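Residue strings, one per chain:
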Amino acid sequence: MHLWSAEKYGVMSMLLKKVLIVDDSPSQVKLIQGFLEHEGYRLVGINDPERVEEAIALERPSVILLDVVMPKRNGFQVCRELKNHVDYNAIPVILVTSKNTESDRFWGQQQGADGYVTKPFTREELLRAVRRFA
Amino acid sequence: MRNASVLILSDEPEFARLLTACWQAERHAPGITVLSSDLWKDHEATPHDLVVVGPVLESKLPGILQSLEPAAAVILCVPAESRELGQLRTRYPRLVHIPLREDWAQTLLLVAGESLRRAEALRLSKQAERRAAKNEHQATLGRYMMDMKHSVNNALTSMLGNAELLLLEPGQLSSQSLAQIKTIHSMALRINEVMQRFSSLSSEMREAENASQAETETEPASPGSRR
């Protein structure tokens, strides 16, 4: 069964935009969920960057919020690999990170990121970045 | 090459005079100090890149050699037997003996040139090692700072974000809780400002340096230098 199926989740679920949050810190995932759930997004959070592709295949998100500093696989790597993936390269990726120098931002762009939000961020900053894509 | 220093120890003024004159005719003459064996004791603490020991009073030679550092570069220009030289070389691995033959001065200059180049290479190598150690130390500090910055920013994100979430629905909070959350929020913002100052410290320093440089370069020229 496909998770997008109207039979399972109803028509409303298909109208709501889905955001995949990837951050190794559960509290950060929870916080971002708290910011976005008031705006009517459907939210999926994962803490393991090695399971991003699996989550995308399963959830088909409209946009991905991706932390950078993570163990095993950093956000730059994940972004680069998604943008080189024929099935996933159209999904907007927003890097959400504490790396806030110009060179970090530039490197993020080089990996194909569509947006860049630096930590700590306000709710408004996060929403502005997400609304560009979903 | 940095100006090298050479000490000539001799009780024969002619030896020192000839050697100094030959050296001064070279393109890169080292800084030369000439001492007699009587003055040596007072001077022994000053390090030199090379010590040339010329003819000295026979009774003074053992004392002079005893007082030299084993690692010192020494050119011995006195009559010596091969057995004696062997013993001396055990103590001073960098000792070179030049017999006082007809061409001793030219030979000595050639050997001394090599010795000074080696001393310079050693000095540069030690300098590079010190710089590398310093850079390594700074790199470690930088990595530590970056890790700390990441942790602080993550903690700040949670503090600011959760405070902001609570403030989204102020009706559910007592006025005291509301005031406390606002304080937490504003203090977290202040920490964030401090963190940003830290992050931009290096660029601020660079800008200040550039501004100072620009000021120096645009300073009006002195009246005498005006065209």
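Residues numbered from 1 in each chain as written. Chains lettered and ligands numbered in written order. Predicted model: local features only at pLDDT ≥ 70, side-chain atom pairs only at ≥ 80, totals over all residues. Heavy atoms only, no water.

**A closer look at the overall build of chain B**
Where we set the bar: Secondary structure counts use DSSP, requiring at least four H or I residues in a row for a helix and at least two E residues in a row for a strand, with both numbered from the N terminus. Summary of the burial criterion: residues with accessible area below 20% of their type's maximum are buried, those above 50% are exposed, and those between are partly exposed, where the area comes from a 1.4 Å probe applied to protein chains only. Pairs of residues are marked as contacts when any of their non-hydrogen atoms sit within 4.5 Å. In this description, accessible areas are obtained by the Shrake-Rupley approach with a 1.4 Å probe, and a residue is regarded as covered only by the protein chains that are shown.
Along the backbone of chain B there are seven helices and five strands. Taken over 227 residues, chain B has a buried fraction of 31%. Here the contacts in chain B between residues at least 6 apart in sequence split such that 59% fall between residues at least 24 apart. Taken as a whole, chain B presents about 15,300 Å² of accessible surface, with 55% of it coming from carbon and sulfur.

**What about the packing of aromatic side chains?**
All names here are of chain B. Keep this limit in mind: Working definition: a ring pair exists when centres of Phe, Tyr or Trp rings (six-membered ring for Trp) sit within 6.5 Å. Plane angles under 30 degrees give stacked, over 60 give edge-to-face, the rest tilted.
Within this structure, the stated rule accounts for two aromatic pairs over all chains. Pairing phenylalanine 15 with tryptophan 104 gives two aromatic rings, centres 4.7 Å apart and planes at 10 degrees, and the pair type is stacked. Linking phenylalanine 15 in helix H1 (residues 13-24) with tryptophan 104 in helix H5 (residues 104-168), this pair joins segments that are 89 residues apart in sequence. Tryptophan 104 carries the same exposure label as phenylalanine 15, and that label is buried.

**Structural notes on the confidence of the model for chain A**
Test applied: Values of pLDDT, ranging from 0 to 100, describe the predictor's confidence in every residue of the model.
Put simply, chain A has an average pLDDT of 89, and 89% of its residues get 70 or more. Note that pLDDT drops below 50 for residues 1-6 of chain A; the model gives that stretch 13 contacts with residues more than four away or on any other chain.

**Some remarks on the interface of chain B and chain A**
Put simply, the rule is: By buried area we mean how much accessible surface two parts lose on assembly, using a 1.4 Å probe and totalling the loss over both. We define a salt bridge as a contact between a side-chain nitrogen of Lys or Arg and a carboxyl oxygen of Asp or Glu at a distance within 4 Å. Throughout this description, a polar contact denotes any pair of N or O atoms lying within 3.5 Å of each other; where both atoms belong to protein, one of them has to be capable of donating a hydrogen while the other can accept it, and for residues adjacent in sequence the pair is counted only when both atoms sit in side chains. Under this grouping Gly is polar, as are all residues other than the nonpolar Ala, Val, Leu, Ile, Met, Phe, Trp, Tyr, Cys and Pro and the charged Asp, Glu, Lys and Arg.
Contacts between chain B and chain A engage 16 residues on the former and 16 residues on the latter. At the boundary of chain B with chain A, total buried surface from both sides reaches about 1,400 Å², with 58% on carbon and sulfur atoms. Connecting chain B to chain A are zero salt bridges. Counting every contact that joins chain B to chain A gives five residue pairs in polar contact (both at pLDDT 80 or more). Contributions of two or more residues to the side of chain B that touches chain A are made by H5 and helix H6 (175-199) of chain B. Looking at the side of chain B that touches chain A, the element that brings in the most residues is H5(B), giving 13 residues. Here the side of chain B that touches chain A is built from residues that sort into four nonpolar, nine polar and three charged.

**Some thoughts on the pairing of strand E2 (residues 31-35) of chain B**
Residues and elements named next belong to chain B. What counts, and what does not: A strand pair is defined by DSSP finding two or more bridges across the two strands. Viewed with both strands pointing away, a crossover whose connecting path from the first strand over the helix to the second turns clockwise is right-handed.
Examined bridge by bridge, strand E1 (residues 5-9) and E2 share five bridges and lie parallel to one another. Within the sheet, the bridge partner assigned to leucine 9 lies in E2 and is leucine 35. Handedness of the crossover joining E1 and E2 through H1: right-handed.

**Quick word on a nonpolar patch on the surface**
Spelled out, the test is: The patches reported here contain residues having more than 30% relative accessible area and no salt bridge. Joining distances are 9 Å for like charges and 5 Å for nonpolar side chains (Val, Leu, Ile, Met, Phe, Trp, Tyr).
Taken together, Leu141(B), Tyr144(B), Met145(B) and Met148(B) make up a surface patch of nonpolar side chains, about 410 Å² in accessible area. Its place among the elements puts Leu141(B) in helix H5.

**Quick notes on the sheet that holds strand E5 (residues 115-118) of chain A**
Residues and elements named next belong to chain A. Rule in force here: Axes here refer to lines fitted to C-alpha atoms; in helices the fit is confined to the stretch in contact. Angles between the N-to-C directions go from 0 to 180 degrees.
Pairing in this open sheet of five strands is parallel, and the strands run E2-E1-E3-E4-E5 from one edge to the other. In the strand order of this sheet, the two ends are held by strand E2 (42-46) and E5, each with one partner. Strand-to-strand twist across the sheet, computed as the mean angle between neighbouring axes with direction ignored, equals 20 degrees.

**As for the packing of helix H2 (residues 26-37) of chain A against H5(B)**
Quick note on the threshold: Throughout, the term roughly parallel applies to angles under 35 degrees, roughly antiparallel to angles over 145, roughly perpendicular to angles from 65 to 115, and oblique to all others. The sense of a crossing depends on the near helix, which, turned anticlockwise from the far helix by less than a right angle, makes the crossing left-handed and, turned clockwise, makes it right-handed.
Between H2(A) and H5(B), whose axes approach to 10 Å, the crossing angle comes to 30 degrees. What the angle tells us is that H2(A) and H5(B) run roughly parallel. The handedness of the crossing between H2(A) and H5(B) is left-handed. In contact with Ser27(A), Gln28(A), Leu31(A), Gly34(A) and Phe35(A) of H2(A), H5(B) contributes Asn154(B), Thr157(B), Ser158(B), Gly161(B), Asn162(B), Glu164(B) and Leu165(B). A per-class count over the contact of H2(A) with H5(B) returns three nonpolar, eight polar and one charged.

**Some words on the pattern of salt bridges**
All names here are of chain A. Scanning the model with the defined rule gives 17 salt bridges over all chains in all. Taking the shortest distance from any N to any O, the salt bridge between arginine 131 and glutamate 39 comes out at 2.9 Å. Taken as a pair, arginine 131 in helix H6 (residues 123-131) and glutamate 39 in the loop between H2 and E2 lie far apart in primary sequence, 92 residues in all. Using a relative accessible area of 44% as the deciding quantity, one classes arginine 131 as partly exposed. Accessibility expressed as a relative area gives 29% for glutamate 39, which makes it partly exposed. Between aspartate 67 and lysine 119 there is a salt bridge, and its shortest N-O distance comes to 3.4 Å. Taken together, the residues aspartate 67 in the loop between strand E3 (63-66) and helix H4 (75-83) and lysine 119 in the loop between E5 and H6 connect sequence positions 52 residues apart. Assessed through its relative accessible area of 2%, lysine 119 is described here as buried.

**Digging into the sheet that holds E1(B)**
All names here are of chain B. Strands sit in the order E2-E1-E3-E4-E5 across an open sheet of five strands; the sheet is parallel. If you trace the sheet from one side to the other, it starts and ends with E2 and strand E5 (95-97), each paired once. Strand-to-strand twist across the sheet, computed as the mean angle between neighbouring axes with direction ignored, equals 20 degrees. Strand direction decides the pairing type here: strand E4 (residues 74-76) and E5, joined by three bridges, are parallel.

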